[in-house]
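Chains, contacts and geometry: an overview
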Amino acid sequence: MLQKVEYSTIKDERVMRACTGVDFARLDELAQILSAYYKKVHGICYFEMIHNLNLKDGIIFSNYKDIVFFVLYCKKVGNTYDVLGVSFGTSGANVHHNVTKFTPILTSALAELGH
C-alpha cells in the first residue's frame, strides 16, 4: 500500500529542502504567516470555517503547516495533479482545487510582508 506524503515523515533537512525548497524552520514560519493572513482576510480561521460548515469531503489538511507543505511540494516536484493525488491520498481534481485555492493566498501573504 502506498503511504501518503506528509511532512511529519521527513526527518532530514536536506530531504525537506529537496521536497519543498525550505527547511523545517521556514515551513513553520510560513504556516504562521498563512494562518495570520487567512484570518485577517477571511475573518475566520480556515479550520474553524470547515468545522462550522461541517465540511469533511475532500479536506486533506489538519493544520496550516499541512497546507504550506502541500503547496510547496506540489510546486517543487512538478508532477501532474493526478500523480500528486496519489501522493496525497486524494483525487487529482482535489489537488488542483487546493493548489489553485491556496497558492494565491500564500503568495499574497508573503507579498504583504515584503517576501
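Predicted, not measured: the structure shown is a model, and the values here were computed from it.

**Some words on the overall build of the protein**
Helix and strand counts for the protein stand at 6 helices and 0 strands. Listing the helices and strands of the protein from first to last along the sequence gives α-α-α-α-α-α. The C-alpha radius of gyration computed for the protein amounts to 14 Å, which stays within 12% of the reference 13 Å derived for 115 residues, consistent with globular compactness. If you line up the protein on its principal axes, its C-alpha atoms span 40 × 35 × 20 Å. Sequence-distant contacts, at least 24 apart, represent 60% of the contacts inside the protein between residues at least 6 apart.

**A word on helix α4 (residues 64-77)**
When the terminal C-alpha atoms of α4 are compared, their 20 Å separation across 14 residues agrees well with the 20 Å that a helix rising 1.5 Å per residue should span. Burial of α4 is extensive: 10 of the 14 residues sit out of reach of the surface. Of all the residues in α4, the buried ones are Tyr64, Asp66, Ile67, Val68, Phe69, Phe70, Val71, Leu72, Tyr73 and Cys74. Where α4 starts, the residue carrying a side-chain oxygen 3.0 Å from the main-chain nitrogen of Lys65 turns out to be Asn63. In the segment just after α4, Gly78 is the residue with positive phi, at about 65°.

**Brief notes about the nonpolar core**
Counting residues in each nonpolar core, the largest one holds 37 residues, and the members touching the most others are Tyr64, Ile67, Phe69 and Phe70. Of the residues forming this core, the biggest block, 9 residues, is contributed by α4. Excluding residues within four positions of it along the chain, Phe69 makes contact with Val5, Glu6, Tyr7, Ile10, Met16, Thr20, Leu27 and Phe88.

**A word on the pattern of salt bridges**
Pairs may arise between side chains of opposite charge once their charged atoms sit close together. Under the criterion given, the structure shown has 5 salt bridges. Of the charged contacts in the structure, one is a salt bridge between Glu13 and Arg17, with a shortest N-O distance of 4.0 Å. Placement of both Glu13 and Arg17 in helix α1 (residues 13-20) is noted, with a separation of 4 residues, approximately one turn of the helix. Glu29 serves as the salt-bridge partner of Arg26, at 3.0 Å between the closest nitrogen and oxygen. Here Arg26 pairs with Glu29, and both are found in helix α2 (residues 24-42), just 3 residues apart, close to one helical turn.

**Describing α2**
Note on helix geometry: an α-helix contains 3.6 residues per turn, so any two residues three or four positions apart are oriented the same way. Between its first and last C-alpha atoms α2 spans 27 Å; for 19 residues at 1.5 Å apiece the expected length is 27 Å, and the two agree. Regarding α2, the residues found buried are Leu27, Leu30, Ala31, Ile33, Leu34, Tyr37 and Tyr38. Among the structural elements, α1, α3 (46-52), α4 and α6 (92-112) are those in contact with the buried residues of α2. Count one or two residues on from α2 and you reach Gly43, which has phi positive near 75°.

**Remarks on the side chain of Thr20**
Relative to the helices and strands, Thr20 resides in helix α1. Judged by its relative accessible area of 6%, Thr20 falls in the buried class. There is a polar contact of 3.1 Å between the side chain of Thr20 and the backbone oxygen of Val22. When neighbours within four sequence positions are excluded, Thr20 is seen to be in contact with Phe69, Leu72, Tyr73 and Lys76.

Parameters at a glance
Residues numbered from 1 in each chain as written. Predicted model: local features only at pLDDT ≥ 70, side-chain atom pairs only at ≥ 80, totals over all residues. Heavy atoms only, no water. Helix = DSSP H or I, 4+ residues; strand = E, 2+ residues; numbered from the N terminus. Rg over C-alpha atoms; globule rule 2.2 N^0.38 Å. Contact = heavy atoms within 4.5 Å. Expected span 1.5 Å × (residues − 1). Buried < 20%, exposed > 50% of the residue type's maximum accessible area, 1.4 Å probe, protein only. Polar contact = N/O pair within 3.5 Å; in protein donor to acceptor, adjacent residues only side chain to side chain. Core = buried A, V, L, I, M, F, W, Y, C linked by side-chain atoms within 4.5 Å. Salt bridge = Lys/Arg side-chain N within 4 Å of Asp/Glu carboxyl O.

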